[in-house]
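The residues making up each chain are set out below.
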Amino acid sequence: MPSNQNPLGALPARFRRERVLIIGCGDVGLRVAAALAPAPRVLALTRGQARAGLLRERGITPLNGDLDMPATLNRLAGIATRVVHLAPPPSSAAGHPGEGLDPRTVALLRALRRRAQPASLVYASTSGVYGDCGGAWVDESRAVAPATARARRRVHAESMVRFMGRSGLHASIVRIPGIYANDREGGTPRARLLRGTPVLCAEDDVYTNHIHADDLARACLLALWKGRPQRIYHASDDTELRMGDYFDLAADLYGLPRPQRLPRAQAQDVLPASLLSFMGESRRLRNGRIKRELGLRLRYPTVAQGLLPSDA
């Protein structure tokens, strides 16, 4: 058994096998696991038996547990040498003190601390923690300014992860913009284009950022092994596009009509509040750090390459 001081214990070197635990093993988590195989043993937290079957098919060991039920997380203590935390905060913090808290991350970190903590942990956050930057270029040194409860919960989770990093854990925060991929459910603008959802006119439009799901999985793994302690990374591609131009590009690639352009005042009357919130924040993420420090080479440097249909 591993010792209380080292998650790999005092076993002979030939028996020391990394154990990577994925928390929130959805689409990106499965891509992370596929990129890891076959060297480390991969484990994933799951709540249901149906999902457990899928995980086993992918060579992943399922661990029953629920981030919303901390008592079910006890078995996570000391079980992994490295952790990829992809689970989002709850959609609301009802029943918890304060809407800007992430009780799931708190519960996970408490469980991991009960025994020898992992060597490294990567937390998948969001670029939404910066709020609206007026289209400015943003690097990782910029102060956070979350404008929504959703973003404030992410800031809280980041702070908890970095606090745990003070005890020797190599903690990396990966801030992520919009994730896309042709083979990801809802991972392209096609459905929205088919619905005819309008976008903002050029005068009111905002800059948006993207990352292909495969490149995101690779970025998380590089941070897991090569990330500097307490480091923040932008997992974003090289694209510099406003939101409306992004949908125009996708429409042209798919052979669909371009979306209607509306001024912001008119869009507020016809678009849902959830969509308007994304249209109210504009920023351009610098991604040099993840290339320089982690050596990430993007397979899909731009959305034009990533959205291109496979039969094109």
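Here, the structure is the one placed above.
Right, let's walk through the structure included here. Just so we're clear, the structure is a prediction, and the values are computed from it rather than from any experiment.

### Section: the packing of aromatic side chains
Then comes step 1: Scanning all chains against the criterion turns up one aromatic pair.
Then comes step 2: Positioned over the ring face of Phe247 is Arg192, at 4.1 Å from the centre of the ring.
Then comes step 3: When the ring centre of Tyr207 is taken as origin, the NZ or CZ atom of Arg284, which lies over that ring, is 4.3 Å away.

### Concerning the sheet that holds strand β3 (residues 61–64)
Then comes step 1: Strand order in this open sheet of seven strands is β3-β2-β1-β4-β5-β7-β12, and the pairing throughout is parallel. Taken across any chain shown, the strands that pair with only one partner, and hence form the sheet edges, are β3 and β12 (231–234). When strand polarity is set aside, the average angle formed by the axes of neighbouring strands in this sheet is 20 degrees.
Then comes step 2: Strands β1 (19–23), β4 (82–85), β5 (120–126) and β7 (170–176) of the sheet are contacted by helix α6 (residues 213–226), whose axis makes an angle of about 140 degrees with β5.

### Some words on the pairing of β1
Then comes step 1: Of all five residues that make up β1, five are buried, and the element is covered over most of its length.
Then comes step 2: Neither face of β1 is open: one carries Arg19, Leu21 and Ile23, the other Val20 and Ile22, and all of them are buried.
Then comes step 3: Of the pairings in the sheet, the one linking β1 to strand β2 (residues 41–46) comprises four bridges and is parallel in character. The residue bridging Leu21 from the neighbouring strand is Leu43, located in β2.
Then comes step 4: For the segment spanning β1, helix α1 (residues 27–36) and β2, crossover handedness is right-handed.
Then comes step 5: The pairing of β1 with β4 spans four bridges and is parallel. In the sheet register, Ile23 faces β4, and the bridge partner there is His85.

### Structural notes on the pattern of salt bridges
Then comes step 1: For the structure shown, the criterion picks out 19 salt bridges.
Then comes step 2: Among the salt bridges present, the one from Arg31 reaches Asp183, with a minimum N-O distance of 2.8 Å. Of this pair, Arg31 sits in helix α1 while Asp183 sits in the loop between β8 (178–180) and α5 (190–195), and the two are 152 residues apart along the sequence.
Then comes step 3: The partner of Glu240 in a salt bridge is Arg284, with the nearest N and O atoms 2.6 Å apart. One end of the pair, Glu240, is in the loop between β12 and β13 (241–242); the other, Arg284, is in strand β15 (residues 284–285), and 44 residues separate them in sequence.
Then comes step 4: Each of Asp205, Asp245, Asp248, Asp252, Arg258 and Arg261 takes part in one network of salt bridges that share partners.

### What to know about the packing of α1 against α6
Then comes step 1: Where α1 contacts α6, the axes come no closer than 9 Å and their chain directions differ by 60 degrees. Between α1 and α6, the interaxial angle falls into the category oblique. Crossing of α1 against α6: the hand is right-handed. For the pair formed by α1 and α6, the contact residues are Asp27, Val28, Arg31, Val32, Ala35 and Leu36 on the first element and Ala213, Asp214, Leu216, Ala217, Leu221 and Trp225 on the second.
Then comes step 2: When the residues that make up the contact of α1 with α6 are grouped by side-chain class, the tally is nine nonpolar, no polar and three charged.

### Structural notes on helix α7 (residues 243–254)
Then comes step 1: Between its terminal C-alpha atoms α7 stretches 17 Å, which fits the 16 Å expected from 12 residues at 1.5 Å a residue.
Then comes step 2: Looking at α7, one finds that the buried residues are Met243, Gly244, Tyr246, Phe247, Asp248, Ala250, Ala251 and Tyr254.
Then comes step 3: Residue Gly255 follows α7 closely and has a positive phi angle near 70 degrees.

### With respect to the environment of Ser159
Then comes step 1: With respect to the helices, strands and loops of the structure, Ser159 is situated in helix α4 (residues 149–165).
Then comes step 2: Sequence separation between Ser159 and Leu121 is 38 residues, and the spatial gap between their C-alpha atoms is 13 Å.
Then comes step 3: A polar atom in the side chain of Ser159 sits 2.6 Å from the backbone oxygen of His156.

### So, α4
Then comes step 1: For α4, which comprises 17 residues, the first-to-last C-alpha distance of 25 Å matches the rise-based estimate of 24 Å (1.5 Å per residue) to within 8%.
Then comes step 2: Those residues of α4 not exposed but buried are Ala149, Ala151, Arg153, Arg154, His156, Ala157, Glu158, Val161, Met164 and Gly165.
Then comes step 3: Lining the buried residues of α4 we find α3 (103–113), β5 and β7.

### Quick look at the pairing of β7
Then comes step 1: Extensive coverage of β7 is indicated by the burial of six of its seven residues.
Then comes step 2: Where β5 meets β7, seven bridges bridge the pair, whose relative direction is parallel. The partner of Val122 across the bridge, within β7, is Ser172.
Then comes step 3: Here β7 runs beside β12; their pairing, made up of four bridges, is parallel.

### A word on the side chain of Ser172
Then comes step 1: With respect to the helices and strands, Ser172 occurs in strand β7.
Then comes step 2: Those residues in contact with Ser172, other than ones at most four positions away along the chain, are Leu121, Val122, Tyr123, Ala223, Gly227, Arg228, Arg231 and Tyr233.

### What to know about the packing of α3 against α4
Then comes step 1: Their axes nearest at 9 Å, the elements α3 and α4 cross at an angle of 15 degrees. One finds that α3 runs roughly parallel with respect to α4. Of the two elements, α3 crosses α4, and the hand of that crossing is right-handed. Touching Thr105, Val106, Leu109, Leu112 and Arg113 of α3 are His156, Ala157, Met160, Val161 and Met164, all from α4.
Then comes step 2: A per-class count over the contact of α3 with α4 returns seven nonpolar, two polar and one charged.

Cut-off values and rules
Residues numbered from 1 in each chain as written. Predicted model: local features only at pLDDT ≥ 70, side-chain atom pairs only at ≥ 80, totals over all residues. Heavy atoms only, no water. Phe/Tyr/Trp six-rings, centres within 6.5 Å; stacked < 30°, edge-to-face > 60°. Lys NZ or Arg CZ within 6 Å of the ring centre and 35° of its normal. Pairing = 2+ DSSP bridges. Helix = DSSP H or I, 4+ residues; strand = E, 2+ residues; numbered from the N terminus. Axes fitted to C-alpha atoms, helices over the stretch in contact; angles between N-to-C directions. Contact = heavy atoms within 4.5 Å. Buried < 20%, exposed > 50% of the residue type's maximum accessible area, 1.4 Å probe, protein only. Right-handed = clockwise from strand over helix to strand, strands pointing away. Salt bridge = Lys/Arg side-chain N within 4 Å of Asp/Glu carboxyl O. Parallel < 35°, antiparallel > 145°, perpendicular 65-115°, else oblique. Left-handed = near helix turned anticlockwise from the far one by under 90°. Nonpolar A, V, L, I, M, F, W, Y, C, P; charged D, E, K, R; others polar. Expected span 1.5 Å × (residues − 1). Polar contact = N/O pair within 3.5 Å; in protein donor to acceptor, adjacent residues only side chain to side chain.

The quantities given are spatial measurements derived from coordinates; they are silent on function.
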